[in-house]
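# Notes for the structure review
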Amino acid sequence: MTDRVAVPASSDPRAGVDVEALLTVTGEDHPGVTAALFAALSATGPAPLEVVDVEQVVVHGQLVLGVVVREVGGAGDLVARLSTLAADVARATEMTVTVTEVDTGGAPPRVARHHVIVLGRPVPPTAVAGAARAIAGVGGNIEAIRRLSDYPVTSFELTVSGAGSTALRSALGTVAAETGTDIAVEAVGLARRSKRLIVLDVDSTLVRGEVIDELAARAGRAAEVARITAAAMNGELDFEQSLRARVAVLEGLPVGVLDEVREHLVLTPGARTLIRTLQRLGFRCGIVSGGFTQITDQLADALGLDFAAANTLEVVDGKLTGGLVGEVVDRAGKARALARFAAEHGIPLEQTVAVGDGANDLDMLNAAGLGIAFNAKPVVREQAHAALNQPYLDAVLQVLGFTREVVLDAAPAEVASPV
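As the structure is a prediction and not an experimental result, all values here were calculated from the model.

Reading the values: the criteria
- All chains use their own residue numbering, which begins from 1 and follows the written sequence.
- Only residues with pLDDT of 70 or above have their local features reported here, since the model is predicted, and side-chain atom pairs are shown and tallied only from 80 upward, although totals for entire chains, interfaces and linings are computed over all residues.
- To obtain the side-chain values, all non-hydrogen atoms of the structure were used and water was disregarded.
- Starting at the N terminus, helices and strands are each numbered in turn, a helix being any DSSP run of H or I of at least four residues and a strand any DSSP run of E of at least two.
- For the radius of gyration, the atoms used are the C-alpha atoms, and the globule rule reads 2.2 Å times the number of residues raised to 0.38.
- Type-normalised accessible area, obtained with a 1.4 Å probe on protein chains alone, sets the label of each residue: buried when under 20%, exposed when over 50%, and partly exposed for intermediate values.
- Any two residues having at least one pair of non-hydrogen atoms within 4.5 Å are treated as being in contact.
- To be clear on the numbers: accessible area is Shrake-Rupley with a 1.4 Å probe, and residue cover counts the displayed protein chains and nothing else.
- Positive residues here are Lys and Arg, negative ones are Asp and Glu, while His and the chain termini are left out of the count.
- For this purpose, a charge sits on NZ of Lys, CZ of Arg, CG of Asp or CD of Glu.
- The angle between two axes is taken between their N-to-C directions and runs from 0 to 180 degrees, where each axis is a line fitted to C-alpha atoms and a helix contributes only its stretch in contact.
- Working definition: roughly parallel below 35 degrees, roughly antiparallel above 145 degrees, roughly perpendicular at 65 to 115 degrees, and oblique for all remaining angles.
- The handedness criterion is simple: a crossing whose near helix is rotated anticlockwise from the far helix by less than a right angle is left-handed, and one whose near helix is rotated clockwise is right-handed.
- Gly is placed with the polar residues, together with every amino acid not listed as nonpolar (Ala, Val, Leu, Ile, Met, Phe, Trp, Tyr, Cys and Pro) or charged (Asp, Glu, Lys and Arg).
- Strands pair, by our definition, only if DSSP identifies at least two bridges between them.
- Among buried residues, those of type Ala, Val, Leu, Ile, Met, Phe, Trp, Tyr and Cys that are joined through side-chain atoms within 4.5 Å constitute a nonpolar core.
- Between Lys or Arg on one side and Asp or Glu on the other, a salt bridge is scored when a side-chain nitrogen of the former is within 4 Å of a carboxyl oxygen of the latter.
- Between the rings of Phe, Tyr and Trp (Trp by its six-membered ring), a pair exists once the centres lie within 6.5 Å; its type follows the angle of the planes, with under 30 degrees stacked, over 60 edge-to-face, and the other angles tilted.
- Each ring is checked for a lysine NZ or an arginine CZ that lies within 6 Å of its centre and within 35 degrees of its normal; such an atom marks a charge sitting over the ring.
- Take the residue count of a helix, subtract one, and multiply by 1.5 Å to get its expected span.
- Patch membership is restricted to residues that have no salt bridge and whose relative accessible area is over 30%. Joining uses 9 Å for like charges and 5 Å for the nonpolar side chains Val, Leu, Ile, Met, Phe, Trp and Tyr.

Quick look at the overall build of the protein now. When helices and strands are tallied, the protein shows 16 helices and 15 strands. For the protein, the C-alpha radius of gyration of 28 Å lies well beyond 22 Å, the compact-globule estimate for 419 residues. With respect to the principal axes defined by its C-alpha atoms, the protein has extents near 100 × 45 × 40 Å. Counting only residues that meet the buried cut, the protein has 46% of its 419 residues in that class. Looking at the protein alone, contacts between residues at least 24 apart form 67% of all its contacts between residues at least 6 apart. Of the roughly 19,400 Å² that the protein leaves accessible, carbon and sulfur atoms contribute 53%. Taken as two groups, the 35 positive and 51 negative side-chain charges of the protein have centres that lie 2 Å from each other.

Here is the structure:
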């Protein structure tokens, strides 16, 4: 390196003004690198330095460390002095250290920032490439990427600036469809980390299948009821009318069939993990179902949930009458239940999460701070804030920004199953 010629402070037009510089350290990670850099920075002079920004990441043993420092009222030769310091740190740590000046010409304008979560089993390179192209195509810039999980799904979170929510969701929705991955978009801010309550639909969300279809099978009317259920979930029929039509075919069934159906319920993979993790993180957890309290109440007790809302089948003399008792929990009723539970626990609606799959969940999904369509019908995927098509319900945790490490920390030591 050639000797640096000192420039008198009075001859530099920037003398006496604040100057910022970025030091970037890269190479194979090992102990002492960060300490060595900051020790060198603390010893430099003559003007004192301030640390403006720091970011560090280690990817498979390779370190990338960026530090922005400011010299207040210095001689204007900060970059030159730091270049000498960088060479010394590089020799001492066996890393690569570069210095570049930071433009301080006024505060940058505020721009929209979002988290883009890419999930898949696996995540192919085409998905990341497509997402990156789509983000750039709507004027966005990727500031950071981190892995959230590698099991049961692989997921990555991209921090994006400079693009609007609608444009991002539209462009990335096309990428998701083309690559078979899930891509969710959330605005950066306190609202994401302030979520405190989650409401789950039951049939085809918390549990596999539809309870009413199981009951209809025992009444010998399975095909007829399945057709009505499908039309209702796709938004082709009014939910309350379709519910009453389906319940009517259950007339005469002994009440004991409810116990049989309940005993054969199968939780969606990842359901216990999702609920356990969120409970340990302080969430209130509950279910809101267009199904029946004779099923959901015991399910809520078994999972230790905070609340549950559903319809109640009328029973007379030990048999189903084919009717319902009380207020019907339909599309609007689900949204009312979410609002009621949130109010009871003193939680604003913007701090709630709702998960569902059918058209009767749409009001609830839209009322929540974050509405997630889970393996949902097309009409629901198009209108929800985010959509998941993975078979694991705990993928919701990654949409919320929680890493696999958080999930493992929340798991009791004796729990080994991912379900």
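Between helix H9 (residues 256–263) and helix H11 (residues 293–303), the least distance of the axes is 10 Å, while the angle of their chain directions is 45 degrees. As judged from the angle between their axes, H9 and H11 are oblique. Taken as a pair, H9 and H11 cross one another with a handedness that is right-handed. Residues Leu258, Val261 and Arg262 of H9 form the contact with H11, whose participating residues are Gln294, Ile295 and Gln298. For the contact of H9 with H11, a count of residues per class yields 3 nonpolar, 2 polar and 1 charged.

With 5 of 6 residues buried, strand E8 (residues 182–187) lies mostly within the body of the structure. Where strand E5 (residues 113–120) lies against E8, 6 bridges are found, and the strand directions are antiparallel. Bridge pairing links valine 118 to isoleucine 183 in E8.

Our next topic: the nonpolar core. In terms of nonpolar packing, the biggest core is built from 37 residues, with Ile198, Leu206, Leu278, Val355, Ile372 and Val396 touching the most fellow members. By residue number, the principal contributor to this core is helix H10 (residues 271–280), which donates 4 residues. Not counting chain neighbours up to four residues away, the residues in contact with isoleucine 372 comprise Val353, Ala354, Val355, Gly356, Leu365, Ala384, Ala386, Leu388, Val396 and Val399.

With that out of the way, let us pick up the pattern of salt bridges. What the rule picks out here adds up to 19 salt bridges. Arginine 221 is paired through a salt bridge with glutamate 224; the nearest N and O atoms lie 2.8 Å apart. As a salt-bridge pair, glutamate 327 and arginine 336 come within 2.8 Å of each other at their nearest N and O atoms. One salt-bridge network, in which partners are shared between bridges, spans Glu20, Glu50 and Arg70.

Attention now moves to the packing of aromatic side chains. The geometry of an aromatic ring pair is captured by two quantities: the separation of the ring centres and the angle between the planes. Taken as a whole and assessed by the stated rule, the structure comprises 1 aromatic pair. Taking 4.0 Å as the distance between ring centres and 25 degrees as the angle between the ring planes, the aromatic pair formed by phenylalanine 307 and phenylalanine 341 counts as stacked. Linking phenylalanine 307 in strand E11 (residues 307–316) with phenylalanine 341 in helix H12 (residues 331–344), this pair joins segments that are 34 residues apart in sequence. Positioned above the aromatic ring of phenylalanine 341 is the side chain of arginine 340, whose terminal nitrogen or guanidinium carbon lies 5.2 Å from the ring centre.

For an α-helix, the turn length of 3.6 residues means that residues three or four places apart are oriented alike. In this model helix H2 (residues 78–93) runs 22 Å from its N-terminal to its C-terminal C-alpha over 16 residues, within 8% of the 22 Å that 1.5 Å per residue would give. Turning to H2, its buried residues are Leu78, Arg81, Leu82, Leu85, Ala86, Ala87, Val89, Ala90 and Thr93. Buried-residue contacts for H2 involve strand E1 (19–28), helix H1 (33–43), strand E2 (49–59), strand E3 (62–71) and strand E4 (96–102). At the exit of H2 stands glutamate 94, carrying a positive phi of roughly 60 degrees.

In this section: a nonpolar patch on the surface. On the surface, Val57, Val59 and Val64 cluster together into a nonpolar patch covering about 220 Å² of accessible area. The topology assignment puts valine 64 in strand E3.

Turning our eyes to something else, we now look at the sheet that holds strand E6 (residues 141–149). In space, the 4 strands of this open sheet follow the order E6-E7-E5-E8, with antiparallel pairing throughout. The open sheet has two edge strands with one neighbour each: E6 and E8. Geometrically, the sheet is characterised by an average inter-axis angle of 20 degrees between neighbouring strands, direction not taken into account. On the sheet, helix H3 (residues 125–137) packs against E5, E6 and strand E7 (154–161) and is oriented at approximately 150 degrees with respect to E6. Along the sheet, helix H4 (residues 165–179) contacts E5, E7 and E8; its crossing angle with E8, the most-contacted strand, is approximately 170 degrees.

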